[in-house]
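Descriptive structure summary
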Amino acid sequence: MTAEYKVHGDVAVITLNNPPVNGLGLATRVGIAAGLAKAQLDDKVKAIVITGAGKAFSGGADIKEFGTDKALAEPNLLSVILSCENTSKVTVAAIHSVCMGGGLELALGCHYRVAAPGTKVALPEVKLGLIPGAGGTQRLPRVLGVEHALNMIVSGEPVNAEMLAMAPGQKLFDKLAKSAETVLEEAIELAREKAAAHAKSGESFPLVRNLPCKHPLGDAYFQFARNMVKGMAKGFPAPLKCVDAVEAATKKKFNEGMLFERETFINLMWTPECRALRHLFVAERAASKIADVPEDTPKREIKSVAVIGAGTMGGGIAMNFLNAGIPVKMLELKQEALDKGIGIMRKNYESQVKKGKLKQAKLDERMGMLSTTLSYDGLAEADLVIEAVFEDMGVKEKVFKELDRVMKKGAILASNTSTLDVDKIASFTKRPQDVVGLHFFSPANVMKLLEVVRGKKTGKDVMATVMGVAKKIKKIAVVSGVCDGFIGNRMIEQYSRQAGFLIEEGCTPQQVDKAVEKFGFAMGPFRMGDLAGNDIGWYIRKRRYQEKPNMKYSKTADLLCEMGRFGQKTNAGWYDYIPGKRDAMPSDVVNKMIDDHRAKIGLKARKISDEEIVNRLVLSLVNEAAHILEDGIASKASDIDMVYITGYGFPIPKGGPMHFADQMGLYNVMMAMNSFAKNPNDDASFWEPAPLIKRLVAAGKTFNAAS
Ligand code: NAD
């Protein structure tokens, strides 16, 4: 059992104890129910207090139980809450730190509630594609008012207890405690007082379910709310269902409202969107864990950072650290380059100030933590140095030799290289255990993804440290082994190759982009190429032609680059652009180039369905990803999903390429690959399903279950 029972004089205290956040899994629910039963039978006990041990009252349901028998197994949360309401002794919730989801629903089932200031209170189920499922939509509007409650339920965002305690007419909290340290003591005191008062008056205990629930504008308000929420829902069904459930609280009897909530909750649970969101919730937490680097691995202290190179990436990387309050020193070869880079950073901050997203004082504080140098000796004392110079092994060699010479012992030496061998870079130093890849994505101050490239000799403490640093600068870190392109770019190369075959066979760039964007990608492959610069892919392909002369490519992308159409930066790429604007306009020149090329290689254009476009592109990611897993470059399928969701605009409702493949069924994935292999214009050898896929199909398993 993960709830403790202790009697303090005449008050029983049930303490949820299921670290880290006292999740309400089956064992915890059994513990609470047992505590309630025990208190009921003990004549000495006059009142019951429910609280949480450690860092939370309760963070809510145990997500890992969702979709399993355990979630509904008795006592389920509804039964536990019902027991709280119906016990013959007064129940008081002593709330502190975190009170979310099922935790808040449990508290709403108690007769009274005492909250510590600073407690984060939320019903975050909507973030998992759900609505609250244990009475949250029916009880919260009764204690907070319909509008306040609906805002919390639809946004899922936490609100501080003291803010809620100030809401006019609120009945959520009976008392705001002095502090988290005294909340239990104050709750016990209130429990005693209330037990005595009820004994004297004979009045029954107050139940939230008995409070009225109305909105003065009735239907008009809910119509308005629906219009607002529809715009924000981004295709997810849950937000509008939150409105339906709260409306039910105002229109139906309590028990009917509860049934409506339950039914809606269960229906949402099996939607693809909810599955994807739940998968990503678990994936995000799993990404921060490295199997052979235990959580208690000692970390190095990172109090200051140096960045080499003040170009596109260096500036963005530096901003991450300044935003987190960590001083940064930047090094460049020339003063002009430093001035230019720093000017861009300042402009970036200034535009945030103009938009009201940043205070001028914060801008000054952040820029005040930035210093510059032209000499490596000026960097010696930094705890972490990140190199973001030109992508050229010779230049990297010079930089790392210098770093090895000057940096203090124990400093971490990181490279932001996107393609180069991190082990080779480490070999330029006498301390390869201190070298790691930190692959930021552009714009580095905005993009969430950080690929942490673990070299053969990278120390475990270095890995533990950089994973911690990533969290501090609010990045989602995913560990990748060393290979060309790491996880994300190695996969995107296959995707781009497929995009090339598709236009050769009859698609226009806009048809491909449209199909992929309809599927939910932020941007199709051709618009993405124009944004990133088509010359980058060209540069990589030229290397590939040397390394892998037999690899099949469509020549169209090279022809485009030979025309100088590098993308937005040249106002011409796969699309035409008006200088200074980013709107992609279909280009007759490009479409003619593609038609001419097709004629030259003797292909007749055929009509390709959106479904084929999407499947060929997404499954090209999947097949390469399966090789990446097999090669040990990624350790879990869910890590690959995190990379694609946070770094490549893969649609969140689809849960990432691996989750998509799992949902499609790996047998169907394999069959689709076999059929693509029969296309004479495609690369049959690429479409040979990766051995991992074949094994999983034979074993009837999914990527996610297997890793
Ligand atoms: P960039 O050309 O914008 O900036 C590079 C900067 O490094 C320039 O300001 C240059 O003056 C400076 N520099 C060059 N040699 C130097 C040296 N020896 N000492 C000090 N400074 C030196 O390039 P970028 O786009 O910022 O890329 C930097 C690195 O980041 C590359 O390794 C690249 O592969 C990687 N990267 C780039 C992107 C991207 O989208 N641009 C994304 C991820 C990773």
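In what follows, the structure referred to is the one given above.
Structure report, in brief. Everything numeric here is computed off the predicted structure, so don't read it as measured data. (Residues numbered from 1 in each chain as written. Predicted model: local features only at pLDDT ≥ 70, side-chain atom pairs only at ≥ 80, totals over all residues. Heavy atoms only, no water.)

1. Notes on the overall build of the protein chain
- Scanning the protein chain from N- to C-terminus turns up 30 helices and 19 strands.
- Here the C-alpha radius of gyration of the protein chain, 29 Å, is about what a compact globule of 707 residues would show, namely 27 Å.
- Viewed in the frame of its principal axes, the protein chain has a C-alpha envelope of about 95 × 60 × 50 Å.
- Taken over 707 residues, the protein chain has a buried fraction of 54%.
- Relative to all contacts within the protein chain whose residues are 6 or more apart in sequence, the contacts with residues 24 or more apart total 72%.
- As presented, the protein chain carries roughly 31300 Å² of accessible surface, and 56% of it is formed by carbon and sulfur atoms.
- One way to put it: in the protein chain the 95 positive side-chain charges average out to a point 1 Å from where the 81 negative ones average out. (Helix = DSSP H or I, 4+ residues; strand = E, 2+ residues; numbered from the N terminus. Rg over C-alpha atoms; globule rule 2.2 N^0.38 Å. Buried < 20%, exposed > 50% of the residue type's maximum accessible area, 1.4 Å probe, protein only. Contact = heavy atoms within 4.5 Å. Areas by Shrake-Rupley, 256 points an atom, 1.4 Å probe, with all protein chains shown as cover. Lys, Arg positive; Asp, Glu negative; His and termini not counted. Charge placed at Lys NZ, Arg CZ, Asp CG, Glu CD.)

2. Considering helix α24 (residues 588–600)
- The end-to-end C-alpha separation of α24 is 18 Å, in line with the 18 Å expected for 13 residues at 1.5 Å each.
- Where α24 is concerned, the buried positions are Val590, Asn591, Met593, Ile594, His597 and Arg598. With its buried residues spanning 155 degrees around the axis, α24 presents them on a single face. What points out from α24, more than 90 degrees from its buried face, is the exposed set Asp588, Ala599 and Lys600.
- For α24, the secondary structure elements touched by its buried residues are α19 (486–505), α20 (509–519) and α23 (556–562).
- Phi turns positive one or two residues past the end of α24, at Gly602, with a value near 75 degrees. (Expected span 1.5 Å × (residues − 1). Arc of directions from axis to C-beta.)

3. What about the environment of Gln568?
- Among the structural elements, Gln568 can be located in the loop between α23 and β18 (575–576).
- Considering only alpha carbons, one finds Gln568 and Pro579, 11 residues apart in sequence, at a separation of 8.4 Å.
- Contact partners of Gln568, with chain neighbours within four places excluded, come to Asp530, Leu531, Tyr577 and Arg582.

4. Considering the sheet that holds strand β7 (residues 120–122)
- Read from one edge of the open sheet, three strands run β5-β7-β8, paired in mixed fashion. On the outer flanks of this sheet lie β5 (98–100) and β8 (159–160), each paired with one strand and no other.
- With three bridges joining them, β5 and β7 adopt parallel strand pairing. By the bridge assignment for β7, Val98 is matched with Lys120.
- Where helix α4 (residues 102–109) meets the sheet, its contacts fall on β5 and β7, and the angle it forms with β5 comes to roughly 85 degrees. (Pairing = 2+ DSSP bridges. Axes fitted to C-alpha atoms, helices over the stretch in contact; angles between N-to-C directions.)

5. What to know about the site of the ligand
- The local shell around the ligand holds 23 residues, among which Met313, Glu332, Glu391, Lys396 and Ser418 are the closest.
- At 2.5 Å, a side-chain N or O of Glu332 approaches an oxygen atom of the ligand.
- Here Ser418 contributes a side-chain N or O atom positioned 2.6 Å from an oxygen atom of the ligand.
- A total of 830 Å² of accessible area belongs to the ligand in isolation, and the protein chains cover 78% of it.
- Contributions of two or more residues to the shell around the ligand are made by α13 (312–323), α16 (393–406) and β15 (435–440). (Near = heavy atom within 4 Å. Polar contact = N/O pair within 3.5 Å; in protein donor to acceptor, adjacent residues only side chain to side chain.)

6. With respect to the pairing of β15
- With respect to burial, β15 is a largely interior element, six of its six residues being buried.
- What you see with β15 is no split at all: Val435, Gly437 and His439 on one side and Val436, Leu438 and Phe440 on the other are buried throughout.
- Where strand β14 (residues 412–415) and β15 come together, three bridges link them in parallel fashion. Directly across from Ala414, in β15, lies its bridge partner Val436.
- Relative to strand β16 (residues 449–453), β15 runs antiparallel, the two sharing four bridges. Bridging across to β16, Phe440 finds its partner in Leu450.

7. Things to note about unusual backbone geometry
- Of note, the bond from Pro19 into Pro20 is cis; its omega dihedral lies within 30 degrees of zero at 5 degrees.
- By the secondary structure assignment, Pro20 is in the loop between β2 (11–16) and α1 (26–41).
- Residue Pro75 is reached from Glu74 by a cis peptide bond, and omega for that bond is -5 degrees.
- Its location among the elements puts Pro75 in the loop between α2 (69–72) and α3 (77–86).
- Positive phi outside glycine occurs at Phe486, with the angle close to 55 degrees.
- Here Phe486 lies in helix α19.
- With a relative accessible area of 0%, Phe486 lands in the buried category.

8. Section: the packing of helix α5 (residues 136–144) against helix α11 (residues 254–269)
- In contact at an axis separation of 8 Å, α5 and α11 are set at 130 degrees when each is read in the N-to-C sense. When the axes of α5 and α11 are compared, the pair comes out oblique. Note on element contacts: α11 touches α5 through Phe254, Gly257, Met258 and Glu261, opposite Gly136, Thr137, Gln138, Arg139 and Arg142.
- Looking at the contact of α5 with α11, its residues break down into two nonpolar, four polar and three charged. (Parallel < 35°, antiparallel > 145°, perpendicular 65-115°, else oblique. Nonpolar A, V, L, I, M, F, W, Y, C, P; charged D, E, K, R; others polar.)

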